[in-house]
Every structure is written in structure tokens, then in C-alpha cells.
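Structure assessment
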Amino acid sequence: MSTATANAIDTVFAELAARGETALIPFLTMGDPDLDTSVKLIAAAEAAGAHMIELGVPYSDPLADGPVIQRASERALRHRISLTDCIGVASKARAAGVRMPFILFTYFNPALQLGLERFFGLLQEHGFSGVIIPDLPLEEDTEVRGIAERTGVHLIPLVAPTSEARVERIASKAKGFVYCVSSLGVTGVRSDFHAGIDRFLETVRRASSVPICVGFGISSREQAERFAGVADGVIVGSAIVRQVEASLPPEALGDNALTEAGLAAVQAFIADLKPRKSEKA
Ligand SMILES: O=P(O)(O)OC[C@@H](O)[C@@H](O)c1c[nH]c2ccccc12
């Protein structure tokens with residue numbers, strides 16, 4: 001009898017595939033504007049219909065992030081929160097009744113500083129199903145993948161339209177899903193995507209034995225539905241983080257936690273993003 005419990009990410013994708021639905025995966029910066037509000041925002045995202053969620057660790061040097069998420073990281077880092085504080089948010093969200101799978105999103109350096117064995121041990125302890133490390137150097141990939149496998153946490157790789165030649169190697173070892181970046185450059189709302197995006201997604205689909213999801217620049221239901229036919233999920237970060245930012249009371253009030261109205265505005269924004277039932281192409 002296998003002792004390995006099924007990973008919640010795999011279960012969610014199987015359920016959605018059976019219903020012909022596309023996963024909606026928000027990204028939130030933990031600690032923006034504070035850790036308690038992050039727990040409320042995660043619960044609001046699930047209430048809005050999100051199927052799983054990327055919990056972002058704020059970082060002082062977010063190379064791949066556009067201005068919206070950079071500002072969110074700055075707001076969060078004012079509270080001097082640590083990587084372990086961010087990981088602990090998952091247990092608080094579970095205690096608040098949130099059931100959807102959690103994916104930690106962090107740059108590599110904070111995980112390395114903590115120690116990879118301790119990092120993955122904490123992810124497992126706090127119930128994470130996956131982790132995304134956008135700047136994981138390929139030469140460290142084998143060690144990290146080994147620890148991830150042992151702890152049952154899916155190491156979710158990113159592929160970009162420029163990495164066509166590496167798609168096969170990356171996608172063939174992917175767990176959870178393959179994160180297909182829709183455009184070149186940094187995160188942030190966009191009106192159009194990389195010209196060869198559809199061919200790129202077909203290439204990833206052929207090379208991958210796990211679901212494929214698209215992120216970067218998606219900020220509306222129309223854009224989410226544009227990918228619903230060719231991808232198994234869409235990831236939305238900056239547009240949601242921008243809504244959080246817009247819903248914060250003026251700094252002058254001192255306590256810049258979100259009001260109930262602000263939380264409701266973020267929840268409504270996420271609900272509006274959700275692709276309608278789409279028959280897979
Ligand atoms: O913000 P966007 O354009 O909606 O893209 C998702 C993105 O925010 C999230 O997945 C993410 C946040 N920081 C990153 C850095 C690299 C890759 C992806 C990310």
C-alpha cells in the first residue's frame with residue numbers, strides 16, 4: 001500500500017478536467033498590507049472561486065517582478081516578516097477554514113539561507129502542495145527536486161517563450177503543473193501576449209505529462225478565457241495585487257489594513273476573473 005498521499009494539486013486538476021473547467025490561480029504577496037490581512041485575502045480568494053493559490057514571499061530584490069508586485073513587497077517588508085512567517089500563513093489560513101491547495105512562491109536565496117531541507121520540511125509541515133522558485137539555477141535543480149520529491153511538495157517549473165529548446169527537459173520533469181510565462185519581461189498587466197504564445201503552449205503541452213498553466217499579464221475574464229481552451233489554468237498576480245493596493249485606506253490613517261469593503265472589492269475582482277465553463281479545445 002503506497003504511503004504517499006495524493007497531492008492536492010493533482011486532485012484539483014483531475015476534478016476540473018472532469019468538469020471541463022480551467023483553474024483560476026491567484027497570486028498574493030504575503031504580508032501585504034500585513035499577515036493577518038493576508039489570511040483574510042486568501043479566504044476571500046477561495047470564496048471568489050479560486051482553485052488554488054500562490055502565496056508570494058516578499059523579497060528585497062524581486063528581479064522578475066513589475067512595479068505593482070515590487071510595491072507590494074516593499075509594503076510587506078516594512079513589517080520585517082520572514083520566510084517562516086510567510087510559510088506560517090498557510091496554517092493560519094487552514095485554521096480559518098481555507099481548503100484549496102497552497103503553492104509557495106519564493107526567490108531562491110531566502111530558501112537557500114534557511115537551508116533547503118528545513119525549507120521543504122516547513123512546507124510539508126504547513127501543508128503546502130507546491131512551490132515555485134523562478135530563479136532556481138539549473139545546476140541546483142537536481143538537489144532541490146530530490147528534496148521536493150521526498151517531502152511530497154511539487155516543484156513547479158516555469159518555461160518562457162524564449163526557452164523553447166529547454167521546454168522538453170523542463171516539462172518532462174515537471175510536477176504539479178508547468179507554469180508557462182505568456183510574455184517576455186517582468187510580471188504586470190498587459191494588453192497583448194507574446195506573438196507565438198499559442199505555438200509555444202502547444203510545444204509545452206506535447207512535452208508535458210502534467211497540466212500546463214499560463215501567467216503574466218492576465219487581468220480580465222476575457223484574457224483568462226482566451227487561454228481557457230489551450231491551458232488547464234490561469235495565474236493572475238499583478239491585477240489582483242493592484243486591486244489590494246487600490247483598496248488600502250490612505251497611509252495617513254496609520255493602520256493600513258484592508259477594511260471589510262476593501263476585502264469585498266478584492267473578492268469581487270477575483271470572482272470576475274473566473275473563466276466561465278469552457279469546453280476544452
Ligand atoms: O503579475 P502577473 O503579470 O499577473 O503574473 C503572475 C505573477 O505575478 C506571479 O506568478 C509571480 C509573481 N512574481 C513572479 C516572478 C516570476 C514569475 C512569476 C511571478
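Residues numbered from 1 in each chain as written. Predicted model: local features only at pLDDT ≥ 70, side-chain atom pairs only at ≥ 80, totals over all residues. Heavy atoms only, no water.

**Points about the environment of Val-234**
With respect to the element layout, Val-234 can be found in strand β9 (residues 233–236). With relative accessibility at 0%, the residue Val-234 sits in the buried group. Sequence separation of Val-234 and Ile-69 is 165 residues, and the distance between their C-alpha atoms is 18 Å. Excluding anything up to four places from it in sequence, Val-234 contacts Thr-22, Ala-23, Leu-24, Ile-25, Val-214, Ile-218, Ala-224, Phe-227 and Pro-275. (Helix = DSSP H or I, 4+ residues; strand = E, 2+ residues; numbered from the N terminus. Buried < 20%, exposed > 50% of the residue type's maximum accessible area, 1.4 Å probe, protein only. Contact = heavy atoms within 4.5 Å.)

**Re the sheet that holds strand β3 (residues 102–105)**
Overall, parallel pairing links the 9 strands, which are arranged β5-β4-β3-β2-β1-β9-β8-β7-β6 in an open sheet. Here the strands that pair on one side only, and so sit at the sheet edges, are β5 (154–155) and β6 (158–159). Relative to β9, strand β8 (residues 212–215) runs parallel, the two sharing 3 bridges. Note on β9: the bridge partner recorded for Cys-213 is Gly-233. (Pairing = 2+ DSSP bridges.)

**Examining the UniProt feature "active site" (unreviewed entry) in the chain**
Feature annotation in UniProt assigns "active site" (unreviewed entry) to the following positions: Glu-54 and Asp-65. Restricting the annotated residues just mentioned to those that line the largest cavity leaves Asp-65. In this fold, Glu-54 is placed in strand β2 (residues 53–56). Here Asp-65 shows up in the loop between β2 and α3 (67–77). (UniProt positions renumbered as here; feature names shortened; annotations may be inferred. 1 Å grid on protein atoms, 1.4 Å probe; cavity = no way out; pocket = protein on both sides within 12 Å on 5 of 7 lines; lining within 4 Å.)

**Examining the pairing of β9**
Neither face of β9 is exposed, since Gly-233 and Ile-235 on one face and Val-234 and Val-236 on the opposite face are all buried. In the sheet, strand β1 (residues 23–29) pairs with β9 via 4 bridges, with the strands oriented parallel. By the bridge assignment for β9, Pro-26 is matched with Val-236. Tracing the backbone out of β8, into helix α10 (residues 221–228) and back to the parallel element β9 gives a crossover that is right-handed. (Right-handed = clockwise from strand over helix to strand, strands pointing away.)

**Quick look at the pattern of salt bridges**
For the structure shown, the criterion picks out 11 salt bridges. With its nearest N and O atoms 3.8 Å apart, the salt bridge here joins Lys-175 to Glu-149. Pair noted here: Lys-175 is in the loop between α8 (164–172) and β7 (178–181) and Glu-149 is in helix α7 (residues 138–151), with a separation of 26 residues, a long-range link. Using a relative accessible area of 32% as the deciding quantity, one classes Lys-175 as partly exposed. For Arg-276, the salt bridge goes to Glu-225, with nearest N and O atoms at 3.2 Å. Highlighted residues: Arg-276 in the segment after α12 (260–273) and Glu-225 in helix α10, separated in sequence by 51 residues. (Salt bridge = Lys/Arg side-chain N within 4 Å of Asp/Glu carboxyl O.)

**Re the site of the ligand**
Inspection of the region around the ligand gives 18 residues, with Asp-65, Tyr-179, Gly-217, Gly-237 and Ser-238 positioned closest. One of the backbone nitrogen or oxygen atoms of Gly-188 is found 2.8 Å away from an oxygen atom of the ligand. Protein contacts shield 99% of the accessible area of the ligand, which totals 430 Å² for the unbound molecule. Among the cavities detected, the one that contains the ligand is the largest pocket. Counted by class, the shell around the ligand contains 11 nonpolar, 5 polar and 2 charged residues. (Near = heavy atom within 4 Å. Polar contact = N/O pair within 3.5 Å; in protein donor to acceptor, adjacent residues only side chain to side chain. Areas by Shrake-Rupley, 256 points an atom, 1.4 Å probe, with all protein chains shown as cover. Sits in = over half its atoms within 2 Å of the grid points. Nonpolar A, V, L, I, M, F, W, Y, C, P; charged D, E, K, R; others polar.)

**Observations concerning the layout of surface pockets**
In this structure, the largest pocket encloses a volume near 780 Å³. Lining the largest pocket are 43 residues, with Ile-133, Pro-134, Leu-158, Val-159 and Val-181 sitting closest to its centre. When contributions to the lining of the largest pocket are tallied by element, the ones reaching two or more residues are α7, β6, α8, β7, β9 and α11 (238–247). Of the residues in the lining of the largest pocket, the class split is 26 nonpolar, 9 polar and 8 charged. (Points joined across faces, edges and corners; volume = space filled by probe spheres on them.)

**Here's the deal with empty space enclosed by the protein**
Using the criterion set out here, one finds 2 cavities of 30 Å³ or more in the structure. Approximately 50 Å³ is the volume attributed to the largest cavity. Lining the largest cavity we find Phe-27, Thr-29, Val-57, Pro-58, Tyr-59, Pro-62, Asp-65, Ile-69, Ser-73, Phe-105 and Tyr-107. Residues that form the lining of the largest cavity fall into these classes: 8 nonpolar, 2 polar and 1 charged. In this structure, the second largest cavity spans a volume of roughly 30 Å³. Leu-28, Thr-29, Met-30, Asp-32, Ser-38, Leu-41, Val-241 and Val-244 together form the lining of the second largest cavity.

**Some thoughts on the environment of Ser-129**
Along the chain, Ser-129 turns up in the loop between α6 (116–125) and β4 (130–132). The spacing of Ser-129 and Phe-102 is 27 residues in sequence and 5.7 Å in space, taken between C-alpha atoms. Non-local contacts of Ser-129, meaning those with residues more than four positions away in its chain, are made with Asn-7, Ala-8, Ile-9, Pro-101, Phe-102, Gly-152, Val-153 and His-154.

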